[in-house]
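Single-letter residue listing:
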Amino acid sequence: MRAAEIETQDDLKAWLEGQSQEVCVWIAARAAARVLPLYCETGDRSEDPSTLTLFRATLTASTFSGSKDTTVKSLLALSQAAPKVAEHKRATGRSRVAIAANQALHAIQLSGSSALIAAAKAATDAMTAASRATNMRYQHDPPRDKNPAADARATIFNDARWAEAEGITATRPLWPEGMPDEIAQAWQATLHALPEPDGDQPDYRSFWVPWYQGLLDGKPAFPQSLTEAVALIPEDDWKQGDLHINNTVIPRLMKKYRSALSKAYPVDFTFDALHRVMRIIGIENDNAHLKDPAVVGAFVDDCDELEETLANFVDYAGDLAGTGNHAGVLQRAAQKVLDEVRRAKDLNHLRARHIVRLAGQLEAFSKEEKARDDLGPTLASMLDEGVGFLKSVTRKHFGPSYAALAPLADLPAEHVDRDAVIELFDEMIFYLEELSTDQAIALDAESLAILRDMVRETHDFRAAISEASADEFRAVVQARFTESAAGTGLAFGRLVERSAQAGRKIGDGSDVAIKNFRRVESFRDIIDVLKQMFPGGPPV
């Protein structure tokens, strides 16, 4: 059965029969999460699960559907997070919310047909909860233009269509067509009812509120690794209640976990001047292995075939330089990689990030259709062979360094005011030059020069974008601008973070912004955090 054919609850069940457990859990978790705010409805709560239990159950189900780690999934399946609530014919809207969360967890713990039955039941209970809670709000006489069960049902059916067409994702808002009034009002009631964090009051606002708001918006507030860590908090801790969980355990986890992008390495891995910046922003220890002469020697030894292949390509492509603009670009890109490899061999000195960046540029250029047409099949094949050698050598020898660059290389070229970004960087360089040593970790002349070089690189890519005549080439340069500017922004952010850790505050907004810096997931996030660190821009 196709998702487009779903019109009834039975249709949904029939469709779920052909889906994976992850899809079943995703449907069930989202259905339960939509009605979570209705748990604040008035009524007898003497036997209801706690607010923490409902948050935990919904988090556990949502985290399972988004996890790529089979071990984590196995542990989540053993979770005791299910709300303890009796199901009976006269269940209130509030208890229906708990039942929906319960069924979403059952979809994790079961398998095969049992999982899909639990998922379908979670969807049904979520619909019923929305209907009954709304009826209670309107004293069992809802306005004629409101059909909350139908709204909930349509949204669930649309989730199924989305999952079939696009796959399950955390970036789909809970209510793509807009949050119903009664749910929105209940969420506001939830925010009002939650205690203000204090020494003797549980803090729901640092983790749970932004986590749920992220579900609503389709913009996860925290990295998957952190939500997995929270979902896997030992049962003994959960039994100690929300004050212990919210004020002790989760804050400890939040300090430990941060987004992959915030941990990406923004500067070259080298052993001379750039090492100063690496020390200042706190990443030098992550790449200590690159200082080992044996590592450099092993890399150089494996570069012979790579060097020969690239040298042959550069020679042959040189004969084509006048026949096509793209052939010339490829020749220059390959020459840059070749020069850097030879530099490593001559000086016994690795600049890993620089090599990986150059390799990424060469690979990107090599995929352009016009470029391959300029080269012809033989040279294109030779280039592919060289890129293949390059990938193999760098991944083998750079290991974690290569992986740590991925978040920057994978950033989409978002629509941002590039001139404003460069202006912000220029202002920050000027600001850092004027800082006294009691305001920040001191930057020596060479380290400042390196930061200036990083900013200068963003200027160069910005100019290249303006000069690009072909759409394909412009897209490549835009992606390189994003990678370069994001790396520069991370360097500034890490400097502010490290200064704060040393008891030196930079900028009026750094305390709050540092917490947001650890959660950045996009280029725009990085720029927004820098603006938070310096409201109104750095003083110049």
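Our subject is the structure listed above.
Residues numbered from 1 in each chain as written. Predicted model: local features only at pLDDT ≥ 70, side-chain atom pairs only at ≥ 80, totals over all residues. Heavy atoms only, no water.

Colleague: So what's going on with the overall build of the chain? Residues and values would help.
Modeller: Check the secondary structure of the chain and you find 25 helices and 0 strands. For the chain, with 540 residues in total, the buried portion stands at 52%. Total accessible area on the chain is roughly 24500 Å²; 48% of this is exposed by carbon and sulfur atoms. (Helix = DSSP H or I, 4+ residues; strand = E, 2+ residues; numbered from the N terminus. Buried < 20%, exposed > 50% of the residue type's maximum accessible area, 1.4 Å probe, protein only. Areas by Shrake-Rupley, 256 points an atom, 1.4 Å probe, with all protein chains shown as cover.)

Colleague: An account of the layout of surface pockets is needed here, citing residue identities and associated values.
Modeller: Roughly 1100 Å³ of volume is contained in the largest pocket. Along the walls of the largest pocket sit 43 residues, with Ala-170, Lys-219, Pro-220, Ala-221 and Phe-222 positioned nearest its centre. Where the lining of the largest pocket is concerned, the elements lending two or more residues are helix H2 (21-34), helix H3 (51-66), helix H9 (208-217), helix H10 (224-231) and helix H25 (523-533). A breakdown of the residues in the lining of the largest pocket according to their chemical character gives 16 nonpolar, 15 polar and 12 charged. (1 Å grid on protein atoms, 1.4 Å probe; cavity = no way out; pocket = protein on both sides within 12 Å on 5 of 7 lines; lining within 4 Å. Points joined across faces, edges and corners; volume = space filled by probe spheres on them. Nonpolar A, V, L, I, M, F, W, Y, C, P; charged D, E, K, R; others polar.)

Colleague: Break down the side chain of Thr-309 for me, citing the residues and quoting the values.
Modeller: Its place among the elements puts Thr-309 in helix H15 (residues 304-318). Beyond its immediate sequence surroundings of up to four residues, Thr-309 is in contact with Met-382, Glu-385, Gly-386 and Phe-389. (Contact = heavy atoms within 4.5 Å.)

Colleague: Hey, could you go over the pattern of salt bridges for me, with residue numbers and the actual values?
Modeller: What the rule picks out here adds up to 11 salt bridges. Glu-22 is paired through a salt bridge with Lys-73; the nearest N and O atoms lie 2.8 Å apart. Within this pair, whereas Glu-22 is found in helix H2, its partner Lys-73 is found in helix H4 (residues 70-77), the two being separated by 51 residues in sequence. A relative accessible area of 24% places Glu-22 in the partly exposed class. Here Arg-205 and Glu-196 are joined by a salt bridge, their closest N and O atoms 3.7 Å apart. Bridged by salt links that share partners, the residues Arg-30, Arg-34, Asp-159 and Arg-172 form one connected network. (Salt bridge = Lys/Arg side-chain N within 4 Å of Asp/Glu carboxyl O.)

Colleague: Account for the environment of Asp-315, naming residues and giving values.
Modeller: Tracing the backbone through its elements, the reader meets Asp-315 in helix H15. Overall, the relative accessible area of 52% leaves Asp-315 in the exposed class.

Colleague: Outline the packing of helix H23 (residues 471-501) against H25, supporting the account with residue identities and numerical values.
Modeller: Packed helices, taken two at a time, are described by their axes: the angle between them and the distance between them. In the contact formed by H23 and H25, the axes pass within 9 Å of each other and the chain directions differ by 35°. Handedness of the H23/H25 crossing: left-handed. Listed contacts from H25 to Phe-481, Thr-482, Ala-485, Ala-486, Gly-489, Leu-490, Phe-492, Gly-493 and Val-496 of H23 are Phe-523, Ile-526, Leu-530 and Met-533. (Axes fitted to C-alpha atoms, helices over the stretch in contact; angles between N-to-C directions. Left-handed = near helix turned anticlockwise from the far one by under 90°.)

Colleague: Help me get a handle on the packing of aromatic side chains, residues and values and all.
Modeller: Aromatic ring pairs: the centre-centre distance and the angle between the two ring planes describe each pair. In the structure shown here, the tally under the stated rule is 10 aromatic pairs. With a centroid separation of 6.3 Å and an interplanar angle of 55°, the aromatic rings of Trp-211 and Tyr-212 are classed as tilted. Overall, the relative accessible area of 6% leaves Trp-211 in the buried class. The interplanar angle of 45° and the centroid separation of 5.6 Å between the aromatic rings of Phe-425 and Phe-492 together place this pair among those described as tilted. Note that Phe-425 is positioned in helix H21 (residues 418-434) and Phe-492 in helix H23, a separation of 67 residues in sequence. Three or more aromatic residues link up through ring pairs in this structure, and these residues are Phe-55, Trp-187, Tyr-204, Phe-207, Trp-208, Trp-211, Tyr-212 and Phe-222. Between Arg-34 and the ring centre of Trp-175, over which it is positioned, the NZ or CZ distance is 5.7 Å. Directly above the ring of Phe-64 sits Lys-73, whose terminal nitrogen or CZ lies 5.6 Å from the centroid. (Phe/Tyr/Trp six-rings, centres within 6.5 Å; stacked < 30°, edge-to-face > 60°. Lys NZ or Arg CZ within 6 Å of the ring centre and 35° of its normal.)

Colleague: Describe the nonpolar core, with residues and values.
Modeller: Within the largest apolar cluster, 72 residues are counted, with the highest numbers of intra-cluster contacts made by Trp-15, Phe-207, Trp-208, Trp-211, Tyr-212 and Val-230. The element contributing the most residues to this core is H2, with 10 residues. For Trp-211, the contacting residues outside a window of four places in its chain are Phe-55, Thr-58, Leu-59, Ser-62, Ala-221, Phe-222 and Thr-227. Leu-424, Phe-425, Phe-523 and Ile-526 belong to the second-largest nonpolar core, a separate cluster that totals 38 residues. (Core = buried A, V, L, I, M, F, W, Y, C linked by side-chain atoms within 4.5 Å.)

Colleague: Give a detailed account of the side chain of Asp-203, specifying residues and quantitative values.
Modeller: Along the chain, Asp-203 falls in the loop between helix H8 (181-193) and H9. Look at Asp-203: it is buried, it has no salt bridge, and the nearest opposite charge is Arg-205 at 6.1 Å. Among the polar contacts listed, one links the side chain of Asp-203 to the side chain of Ser-206, at a separation of 2.6 Å. Look past the residues within four positions of Asp-203 in its chain and what remains in contact with it is Pro-197, Asn-246 and Asn-247. (Lys, Arg positive; Asp, Glu negative; His and termini not counted. Polar contact = N/O pair within 3.5 Å; in protein donor to acceptor, adjacent residues only side chain to side chain.)

Colleague: Explain a nonpolar patch on the surface to me, using residue names and the numbers behind them.
Modeller: Side chains of Leu-75, Leu-78 and Leu-232 sit close together on the surface and give an oily, nonpolar patch of about 280 Å² of accessible area. On the secondary structure map, Leu-78 appears in the loop between H4 and helix H5 (93-109). Classification of Leu-78 by relative accessible area gives exposed; the value is 65%. (Patch = residues over 30% accessible without salt bridge, like charges linked within 9 Å, V, L, I, M, F, W, Y side chains within 5 Å.)

Colleague: Give me H9: which residues, what numbers.
Modeller: Burial runs high along H9: 7 of the 10 residues are buried. For H9, the full list of buried residues reads Trp-208, Val-209, Trp-211, Tyr-212, Gly-214, Leu-215 and Leu-216. Here the buried face of H9 lies against H2, H3, H8, H10, helix H11 (235-238) and helix H12 (242-256). With its phi angle positive at about 70°, Gly-218 sits one or two positions after the end of H9.

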